[in-house]
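Structural overview
So the chains spell out like this:
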Amino acid sequence: MRKSQLELKGKTVLVTAGPTQEPLDPIRFISNRSSGKMGYAVALAALKFGAKVILISGPTHLSSPQGVNLVRIVTARELREAVLKHFPKADVVVAAAAVADYRPESKAARKIRKEGRRELTIRLVRNPDILRELGKTKGDKILVGFAAETGQMITNAREKLKKKNLDLIVANDVTKKGSGFEVDTNIVSIISRDGKIISLPKLSKTRVAERILREAVKIIKNTERTT
Ligand code: C5P
């Protein structure tokens, strides 16, 4: 193993992964197309770099990675609770979860029936922005966000980095072939606070995860050098 791969030894990395599911009734939910693959790849890469890993995951078809502390959640509010519980221990947080921005205002106690209805209106309310909340009290923790975009990728990602007070944001254009949901590859740009952009070619999610962590290690080293 290369020496650089143990550069997170003694550090704790908190990763969020997968989608959240927001229930409408006991049978149905609102969710999104996240497979969890990118977040799980980050968790495994962090383990390889020698870190202690806490993986907080929404429902996925992926098997539980050996050696990580896996915490399962379903809704955005459960994700928030789990993240806030583990955040104090973390040195690096990588938020790869695709959190549903909205949830149904209430969950029906029984199945919503179609009989006698031509239309159904569901009122949605905003979910908390977990990463933005973390950004407000981050101290010297390294916060990494993702920005899955369908246009204006760099501009939107930069805006999110600022708004959420992140150290790095990983932007991908999910309309590109070989990028985004479900596939095993990704085409990303890693943008840092100082405006530096690293645009990577199509790589496996494992390689992308390693590149992201390597950038996080650089920031940790710079901080340690100057304090
Ligand atoms: O949804 P959005 O594009 O704003 O996501 C950007 C980043 O913020 C992602 O890293 C995502 O995991 C995180 N996020 C979050 N809580 C939300 C929405 C997004 O932590 N409610």
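Below: a short report on this structure. Nothing here was measured: the structure is a model prediction, and the numbers come from that model.

Attention shifts here to the site of the ligand. If you check the shell around the ligand, you find A95, A97, V99, D101, P128, D129, I130, L131, G145, F146, K160 and K164 and nothing else. With respect to the ligand, the backbone of A95 contributes an N or O atom lying 2.6 Å from an oxygen atom. In this structure, I130 approaches the ligand through a main-chain N or O atom, which is 3.1 Å from a nitrogen atom. Relative to its unbound accessible surface of 440 Å², the ligand loses 87% to contact with the protein. Counting only elements with at least two residues in the shell around the ligand, the list comes to α3 (130-136) and β9 (142-149).

Among the nonpolar cores identified, the biggest contains 33 residues, and L8, V13 and L213 are the most heavily contacted of them. Discounting residues that sit within four places of it in the chain, L8 has contacts with V13, F49, G50, A51, L213, V217 and I220.

A cluster of nonpolar side chains, contributed by Y102, L120, I122 and L124, occupies part of the molecular surface with about 340 Å² of accessible area. Locating L120 in the fold gives a position in the loop between β7 (102-104) and β8 (124-126). Taking the relative accessible area as the measure of exposure, L120 reaches 45% and is therefore partly exposed.

Turning to the sheet that holds strand β4 (residues 52-57), a few remarks are in order. Strand order across the open sheet formed by 8 strands is β5-β4-β1-β6-β9-β10-β12-β13, with mixed pairing between neighbours. Here the strands that pair on one side only, and so sit at the sheet edges, are β5 (69-72) and β13 (197-199). Averaged over all adjacent pairs, the angle separating strand axes in this sheet is 15°, with direction ignored. Bridge analysis of strand β6 (residues 92-95) against β9 gives 4 bridges, and the strand direction is parallel. Each residue of the ladder has a partner; that of V94, found in β9, is V144.

Conventions used here
Residues numbered from 1 in each chain as written. Predicted model: local features only at pLDDT ≥ 70, side-chain atom pairs only at ≥ 80, totals over all residues. Heavy atoms only, no water. Near = heavy atom within 4 Å. Polar contact = N/O pair within 3.5 Å; in protein donor to acceptor, adjacent residues only side chain to side chain. Areas by Shrake-Rupley, 256 points an atom, 1.4 Å probe, with all protein chains shown as cover. Helix = DSSP H or I, 4+ residues; strand = E, 2+ residues; numbered from the N terminus. Core = buried A, V, L, I, M, F, W, Y, C linked by side-chain atoms within 4.5 Å. Buried < 20%, exposed > 50% of the residue type's maximum accessible area, 1.4 Å probe, protein only. Contact = heavy atoms within 4.5 Å. Patch = residues over 30% accessible without salt bridge, like charges linked within 9 Å, V, L, I, M, F, W, Y side chains within 5 Å. Salt bridge = Lys/Arg side-chain N within 4 Å of Asp/Glu carboxyl O. Pairing = 2+ DSSP bridges. Axes fitted to C-alpha atoms, helices over the stretch in contact; angles between N-to-C directions.

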